[in-house]
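Remarks on the overall topology
Okay, here's what each chain looks like letter by letter:
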Amino acid sequence: MSKSLNVFKKPLALHSTQPMTGFTRTGYCEVPAGDYGNHAVAAEVTEEFLDFTARQGNDLRPIPGMKAGCKWCLCATRWREAFDARKNEAA
């Protein structure tokens with residue numbers, strides 16, 4: 001069980017163990033001191049996101065079990081990049 005708290009000051013919920021996620025691969029989207037990427041965004045990835053992050057140089061598909069629909073802890077900056085890219089495509 002994680003000792004980290006979410007934005008509501010409640011204990012973090014386990015996000016995924018299939019595949020095992022989190023910066024330290026505990027299943028929680030916690031941000032320990034050495035996590036400079038801030039893997040705090042608990043997401044369910046889409047095929048569109050997997051394609052986007054692969055084009056950015058971080059292909060997640062080689063992770064065993066990774067596919068669209070998986071729950072994964074994302075870097076806050078990568079999530080924002082994907083959000084901004086999609087917003088710009090729609091404009």
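Quick summary incoming for the structure in this document. (Residues numbered from 1 in each chain as written. Predicted model: local features only at pLDDT ≥ 70, side-chain atom pairs only at ≥ 80, totals over all residues. Heavy atoms only, no water.)

**Digging into the overall build of the chain**
Looking only at helices and strands, one finds two helices and two strands in the chain. Listing the helices and strands of the chain from first to last along the sequence gives β-α-β-α. Its C-alpha atoms give the chain principal-axis dimensions of roughly 40 × 30 × 20 Å. The buried share of the chain, reckoned over its 91 residues, is 30%. Within the chain, contacts between residues separated by at least 24 positions form 51% of all contacts whose residues are at least 6 apart in sequence. Across the chain, 12 positive and 10 negative side-chain charges occur, with their mean positions spaced 7 Å apart. (Helix = DSSP H or I, 4+ residues; strand = E, 2+ residues; numbered from the N terminus. Buried < 20%, exposed > 50% of the residue type's maximum accessible area, 1.4 Å probe, protein only. Contact = heavy atoms within 4.5 Å. Lys, Arg positive; Asp, Glu negative; His and termini not counted. Charge placed at Lys NZ, Arg CZ, Asp CG, Glu CD.)

**Some details on the side chain of His39**
Residue placement: His39 occurs in the segment before strand 1 (41–44). Within the structure, the side chain of His39 is placed 2.7 Å from the side chain of Asp35, a separation counted as a polar contact. With sequence-adjacent residues up to four places away left out, His39 is seen in contact with Phe23, Cys29, Glu30, Val31, Cys73, Leu74 and Cys75. (Polar contact = N/O pair within 3.5 Å; in protein donor to acceptor, adjacent residues only side chain to side chain.)

**Re the nonpolar core**
Counting 11 residues, the largest nonpolar core consists of Ala43, Val45, Phe49, Leu50, Phe52, Leu60, Met66, Cys70, Trp72, Leu74 and Ala82. Broken down by secondary-structure element, the contributors of at least two residues to this core are helix 1 (47–55) and strand 2 (71–74). Per-element tally for this core: the top contributor is helix 1, with three residues. Setting aside its immediate chain neighbours within four residues, Leu60 contacts Phe49, Leu50, Thr53, Met66 and Trp72. (Core = buried A, V, L, I, M, F, W, Y, C linked by side-chain atoms within 4.5 Å.)

**Things to note about the pattern of salt bridges**
Within this structure, the stated rule accounts for five salt bridges. Residue Arg61 is joined to Asp51 by a salt bridge in which the shortest nitrogen-to-oxygen separation is 2.6 Å. Of this pair, Arg61 sits in the loop between helix 1 and strand 2 while Asp51 sits in helix 1, and the two are 10 residues apart along the sequence. Judged by its relative accessible area of 30%, Arg61 is partly exposed. (Salt bridge = Lys/Arg side-chain N within 4 Å of Asp/Glu carboxyl O.)

**Here we look at the state of the cysteines**
For the structure on display, the rule yields one disulfide. The disulfide partner of Cys29 is Cys73, and the gap between their sulfur atoms is 2.0 Å. Given an S-S torsion of about -85°, the disulfide between Cys29 and Cys73 has left-handed geometry. On the criterion of sequence distance, the pair formed by Cys29 in the segment before strand 1 and Cys73 in strand 2 is long-range, its members being 44 residues apart. Here Cys73 falls in the buried class, since its relative accessible area comes to 2%. Among the cysteines around Cys70, which has no disulfide bond, Cys73 carries the closest sulfur, lying 12 Å off. No disulfide involves Cys75; its nearest neighbouring cysteine sulfur is the one of Cys73, lying 10.0 Å away. (Disulfide = S-S within 2.5 Å.)

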